[in-house]
Amino acid sequence: MAVQTVPTKGNLMNTKKSLALARNGYELLDRKRNILIREMMTLIDHANALQEQIDSAYEQAYIALQTANITNGFCEDISNAIPVENGLSLDSRSVMGVEIPILVLAESERNDYLPYGPRTANSAVDKAYLLFTKVKTLTVELAEIENSVYRLADAVKKTQKRANALKNIMIPRFEETVKFISDALDEKDREEFSRLKVIKRQSGAE
């Protein structure tokens, strides 16, 4: 690029402006990358803790289900009475321009609501139902976090790629061009100064 650039003061000013913009762009991208990484690491820590809660909740729920099957008989009829979950809604928030999903699971109008009749079940069935409801809630939360981490990781990768392009390609190229034009203009000034000295000497001799 430097070789193809005409060494004029106008081109020098324009190239210096481009260099300043490239450096500023790199700083902004680097700052964005760091913020995204911090956000991602926070979510990863949360996801790890949440996964432990889900594993524990699943274990308790299946034990409760086994107890319910033993004390109340197989709960197939009761399970058929439980409605399909359709209270999941999707929203989003922005982190440095990256859209992060927010999953919201609508709660029942009554926290003590059970979708089956009390005469067909016992307390063991109730416990199993409540524990699996907890599993459902935690799973929704984990899905939100995992999707957020995936989007943030993809954004970090793209941001890093752009930052590297500025740092390793564009900025050195502009710096090279500035040096080329500056050297060429300095050489031109020296030649002009030498020419004026010769003219002045010749004028004095006459």
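Residues numbered from 1 in each chain as written. Predicted model: local features only at pLDDT ≥ 70, side-chain atom pairs only at ≥ 80, totals over all residues. Heavy atoms only, no water.

Caption draft 1: Seen up close, the nonpolar core. Membership of the largest hydrophobic core comes to 22 residues, with the highest contact counts inside it found for Leu36, Val98, Ile145 and Leu152. Counting residues per element, this core draws most heavily on helix H3 (residues 123–205), at 10 residues. Setting aside anything within four residues of it in sequence, one finds Leu152 in contact with Leu36, Glu39, Met40, Leu43, Val98 and Ile100. (Core = buried A, V, L, I, M, F, W, Y, C linked by side-chain atoms within 4.5 Å. Buried < 20%, exposed > 50% of the residue type's maximum accessible area, 1.4 Å probe, protein only. Helix = DSSP H or I, 4+ residues; strand = E, 2+ residues; numbered from the N terminus. Contact = heavy atoms within 4.5 Å.)

Caption draft 2: Seen up close, the environment of Lys158. Counting through the fold element by element, Lys158 comes out in helix H3. On the basis of relative accessibility, which here comes to 45%, the residue Lys158 falls in the partly exposed class. Sequence-wise, Lys158 and Arg33 are 125 residues apart; in three dimensions their C-alpha atoms are separated by 9.2 Å.

Caption draft 3: Structural view of the packing of aromatic side chains. On inspection of all chains with the given rule, the structure shows 2 aromatic pairs. Ring centres of Tyr58 and Tyr62 lie 6.0 Å apart, and the angle between their planes is 15 degrees; this geometry places the pair in the stacked category. With a gap of 4 residues between them, Tyr58 and Tyr62 both fall in helix H1 (residues 9–72), about one helical turn apart. The class for Tyr58 is partly exposed, based on a relative accessible area of 33%. Measuring from centroid to centroid gives 5.3 Å for Tyr62 and Phe132, while their planes differ by 90 degrees, and the two rings are edge-to-face. Within this pair, whereas Tyr62 is found in helix H1, its partner Phe132 is found in helix H3, the two being separated by 70 residues in sequence. Exposure remark for Tyr62: the relative accessible area of 46% places this residue in the partly exposed category. A connected cluster of aromatic rings, assembled from ring pairs, spans Tyr58, Tyr62 and Phe132. (Phe/Tyr/Trp six-rings, centres within 6.5 Å; stacked < 30°, edge-to-face > 60°.)

Caption draft 4: Representation of the confidence of the model for the chain within the structure. Confidence along the chain averages 86 in pLDDT terms, with 86% of residues attaining 70 or more. Between the elements of the chain, mean pLDDT differs from a low of 73, seen in helix H2 (residues 76–80), to a high of 93, seen in H1. (pLDDT = per-residue confidence, 0-100.)

Caption draft 5: Just the side chain of Arg33, in detail. Within the secondary structure, Arg33 is located in helix H1. With sequence-adjacent residues up to four places away left out, Arg33 is seen in contact with Val156, Thr159 and Gln160.

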